[in-house]
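Structural description and commentary
So you can see what is in the structure, the chains are spelled out below.
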Amino acid sequence: MARRRPGLLKRFRRMSGVGLMATAVLYGLWYYQERTYWEQMSWMGTPRAEVWYDWKTINRTLRNDGFLTGWSDLRANPLWTVYRLDRVNHPAIGDRPGHFSDDWRTLWPVTSDDYTGSGYDRGHQAPNYAIAAVYGRQAQLDTFQMSNISPQSPDLNRRVWQRLEEVVIDQFAARFGTVWVTTGPIFDDPIKRMSSFIEIPDAFYKIVVAPGSGDAPPRMIAFIVPQDVHGDEPLDRFLVSVDDIEARTGFNFFSELSDDMAEQLESGVDTRGWGLEKVARQPARF
DNA sequence: TTTGATGT
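About the thresholds
- Residues numbered from 1 in each chain as written.
- Chains lettered and ligands numbered in written order.
- Predicted model: local features only at pLDDT ≥ 70, side-chain atom pairs only at ≥ 80, totals over all residues.
- Heavy atoms only, no water.
- Helix = DSSP H or I, 4+ residues; strand = E, 2+ residues; numbered from the N terminus.
- Buried < 20%, exposed > 50% of the residue type's maximum accessible area, 1.4 Å probe, protein only.
- Contact = heavy atoms within 4.5 Å.
- Areas by Shrake-Rupley, 256 points an atom, 1.4 Å probe, with all protein chains shown as cover.
- Lys, Arg positive; Asp, Glu negative; His and termini not counted.
- Charge placed at Lys NZ, Arg CZ, Asp CG, Glu CD.
- Pairing = 2+ DSSP bridges.

The name an unreviewed UniProt entry gives chain A is Endonuclease G, with Kushneria avicenniae as the organism.

Here it is, written out as structure tokens:
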């Protein structure tokens, strides 16, 4: 009696085993390469969720020209944005593109129309001007992807936030040569969403790091700005410690710092060396 | 030279 040839199912299993292995290898190579980019595009690591299985902080890293985004499919917001800014002597940037573009990587479709009539601005997280000034046109266009946008009240977006971003590029980057910025929304309970599912933040944080060099130690300055600002408040009113932001967001920032350095840099508010008092009351442009 | 919305 002749032996039966291997059954279809068995042959399929054998072939798919090879396919799976090839897929795993390719994914591994891709992931390794991505991790290398993330390392280069952040300072002391990208933000890490304190509790990895909490839906509120789960996010995927999206790599853009000039900045990284930690996208949350469940909040339909970028939970964090990380970028390096360098001193630019004579910045000349391109025009605003005039529309915000969909980002297929969001999976859940998030479009500019979702914001229309909501009362909220489409608030850049990685900023248009500073990113364009440092990284050029393609990076500028990348900031107009909807994956870089969070709902911001007009008085926040056009006034306090505009002033803060102006200070970061014009004062801090100019003063230190290079700064690293981490910024994003803060969500308190209860959950509030626009009619389009996009969650509405209660506040926004921004952490600026001057990395130091040689004998100069790193410095950090951090802010939390609530949605319901008036607009002309002095910026130093919003100063907080990085620990405050970690407690309110559930992220661990700069996780590659030693415990000693983290304690030293993140537990308090120390504005010495930033020249903030000179620019804290600068008026908004709009 | 830095933020946006709206209507056509």
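1. Quick notes on the overall build of chain A
Counting its regular elements, chain A contains seven helices and eleven strands. Here chain A, with 286 residues, has 46% of them falling under the buried criterion. Once local pairs closer than 6 in sequence are excluded, the contacts in chain A between residues at least 24 apart make up 71%. Approximately 15,200 Å² of chain A is accessible, and the part contributed by carbon and sulfur atoms is 53%. Charge centroids of chain A, computed over 33 positive and 37 negative side chains, lie 11 Å from each other.

2. A few points about the sheet that holds strand β3 (residues 68-72)
Read from one edge of the open sheet, seven strands run β2-β3-β4-β7-β8-β9-β10, paired in antiparallel fashion. Looking at strand neighbours, the two that pair on one side only are β2 (60-63) and β10 (239-240), the edges of this open sheet. As judged from the six bridges shared by strand β4 (residues 77-86) and strand β7 (residues 178-186), these two strands associate in the antiparallel manner. Bridge pairing in β7 links Asp86 to Thr178.

3. What to know about the side chain of Thr81
Looking at the secondary structure, you find Thr81 in strand β4. Apart from the residues within four sequence positions on either side, Thr81 is in contact with Phe67, Leu68, Gln125, Ala126, Asn148, Val181, Thr182 and Thr183.

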